[in-house]
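Structural characterization, general
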Amino acid sequence: MRLIEDPSELASPAFHACGFVPTMGALHEGHASLVKRAAEAGRPVIVSIFVNPTQFGPNEDYGRYPRTLDADCALLEPLGVAGVFVPAVEAIYPEGLDASRAVAASLALPEVATQPGLEDSCRPGHLAGVALVVGRLFDLVGASAAYFGEKDYQQLRLIEDMVATDPARFAGLRVVACPTIRERDGLAMSSRNRYLKADERDAALALARALQIAHSAQRVATAERLMRETLDAHGLETEYAVIRDARTLRPVGGFELPTRALIAARLGATRLIDNAAMTVWR
Ligand code: PAF
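Glancing now at the overall build of the protein. Helix and strand counts for the protein stand at ten helices and nine strands. Taken against the 2.2 N^0.38 rule, which gives 19 Å for 282 residues, the C-alpha radius of gyration of the protein at 19 Å falls within 12% of a compact globule. In terms of principal-axis extent, the alpha carbons of the protein reach across some 55 × 40 × 40 Å. Per-residue burial over the protein gives 54% buried out of 282 residues. Carbon and sulfur atoms make up 51% of the accessible area of the protein, which amounts to about 12800 Å² in all.

Inspection of the region around the ligand gives Pro-22, Thr-23, Met-24, Asn-52, Gln-55, Val-133, Val-134, Phe-148 and Gln-155 as its neighbouring residues. Between the ligand and the protein, one listed contact pairs an oxygen atom with a side-chain N or O atom of Gln-55 at 2.6 Å. Taking 290 Å² as the accessible area of the ligand by itself, protein coverage stands at 89%. At the level of secondary structure, the elements contributing two or more residues to the shell around the ligand comprise β2 (19–23) and α6 (126–141). The residue inventory of the shell around the ligand, partitioned by class, reads five nonpolar, four polar and no charged.

For the rest of this paragraph, the subject is the packing of helix α4 (residues 97–106) against α6. Geometry of a packed helix pair, given as the angle between the helix axes and the separation of the axes. Between α4 and α6, whose axes approach to 8 Å, the crossing angle comes to 105°. With respect to α6, the axis of α4 lies roughly perpendicular. Contact residues: Ser-100, Val-103 and Ala-104 in α4; Ala-128, Gly-129, Leu-132 and Arg-136 in α6. Of the residues contributing to the contact of α4 with α6, the split by class is four nonpolar, two polar and one charged.

In spatial order, the strands read β7-β8-β9; together these three strands make up an open sheet with antiparallel pairing. Lying at the two open borders of the sheet, with one neighbouring strand each, are β7 (237–245) and β9 (270–277). Along the sheet, successive strands turn relative to each other by an average axial angle of 10°, direction set aside. Pairing of β7 with strand β8 (residues 259–267), which is carried by eight bridges, proceeds in the antiparallel orientation.

Pairing is parallel in the open sheet, where six strands are placed in the order β1-β4-β3-β2-β5-β6. Each of the sheet's edge strands pairs with one partner strand only, and the pair in question is β1 (2–4) and β6 (174–178). Within the sheet, the average angular offset between the axes of one strand and its neighbour, ignoring direction, is 25°. Pairing of β1 with strand β4 (residues 83–85) involves three bridges; the strand directions are parallel. Across the sheet, Arg-2 pairs through a bridge with Gly-83, a residue of β4. Across the sheet, α6 touches β2, β3 (45–49), β4 and β5 (145–149), and the angle it forms with β2 is around 145°. Those strands touched by helix α7 (residues 153–164) are β5 and β6, and its axis lies near 165° from that of β6.

On to the pairing of β8. Extensive coverage of β8 is indicated by the burial of eight of its nine residues. Counting the residues in the hairpin turn of β8 and β9 gives two residues, including Gly-268, whose phi is positive at 60°.

When you line up the elements, Leu-211 lands in helix α9 (residues 206–214). For the pair Leu-211 and Ala-261, spaced 50 residues apart in the sequence, the C-alpha separation amounts to 6.7 Å. With residues up to four places along the chain from it excluded, the contact list for Leu-211 reads Arg-182, Met-227, Ala-261, Ile-263, Asp-274, Asn-275, Ala-276 and Met-278.

Counted by the stated rule, this structure contains six aromatic pairs. Each residue in the set Phe-20, Phe-138, Phe-148 and Phe-170 is aromatic and connected to the rest through ring pairs, giving one cluster. Of note, Arg-64 hangs over the ring of Tyr-195, and the distance from its end group to the ring centre comes to 4.0 Å. A cation over a ring is seen here: Arg-67 above Tyr-62, with NZ or CZ 4.9 Å from the ring centre.

The rules behind each value
- Residues numbered from 1 in each chain as written.
- Predicted model: local features only at pLDDT ≥ 70, side-chain atom pairs only at ≥ 80, totals over all residues.
- Heavy atoms only, no water.
- Helix = DSSP H or I, 4+ residues; strand = E, 2+ residues; numbered from the N terminus.
- Rg over C-alpha atoms; globule rule 2.2 N^0.38 Å.
- Buried < 20%, exposed > 50% of the residue type's maximum accessible area, 1.4 Å probe, protein only.
- Areas by Shrake-Rupley, 256 points an atom, 1.4 Å probe, with all protein chains shown as cover.
- Near = heavy atom within 4 Å.
- Polar contact = N/O pair within 3.5 Å; in protein donor to acceptor, adjacent residues only side chain to side chain.
- Nonpolar A, V, L, I, M, F, W, Y, C, P; charged D, E, K, R; others polar.
- Axes fitted to C-alpha atoms, helices over the stretch in contact; angles between N-to-C directions.
- Parallel < 35°, antiparallel > 145°, perpendicular 65-115°, else oblique.
- Contact = heavy atoms within 4.5 Å.
- Pairing = 2+ DSSP bridges.
- Phe/Tyr/Trp six-rings, centres within 6.5 Å; stacked < 30°, edge-to-face > 60°.
- Lys NZ or Arg CZ within 6 Å of the ring centre and 35° of its normal.

Below, the structure written as structure tokens:
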């Protein structure tokens, strides 16, 4: 497994048409599942580890985001990863951070990243920063497929649309959506789970419980109310708990379309998100 700092090394024939798993490190079994899925294609797998400053707001956790490179490499090595790309900030943003934030702010994002009023409203600038870094990583890595978890569902939909609407730039690249990996008790795996204090760990399960309870509702409004009540009952502060069109993430009148339940809630200093496909009632 090669540790790659210099982007020019990615041009090596050893990485041609690779499978690509972009990450911010602090890896867990959810990331491992993406790598395993990429490896199934029989192509070399490149994992990037880059804590991307442009996707964090000024009051967010960029500074304290866990950086655990040794443990990350220990997790990746047995999975047969060909290369771990660990660029410096200057390699991704040679124009400097202020200028690159301005570039992010000027991107024409797909509607799914600007219209739903979910992460786009709660974390202004976040999805633009994701689009900027993922586009640049795609340009550098030249992969044939890139693997993303459904846990960050709006991010996944953004990247799917970004790639689909710019076939000239992203020619030959397939975006592969992979299921959220959960702890045995249902908690969606996340690098931010390590922020949770022991007594918060149980309360965090409210997100998975709320999604489960939403399945029992026959109306969107009921599902949304039940989700909020579940989050409230566990002392979480709800940012959103909604049922949306699974493709556009816009509000829906009923469960007829493929719909998705999406939640963001705060538990102390930690912000948690989760989502699930919703059953269609007939
Ligand atoms: O999901 C993540 O870890 C990040 O948002 C990503 C896609 C690696 C971009 O920094």
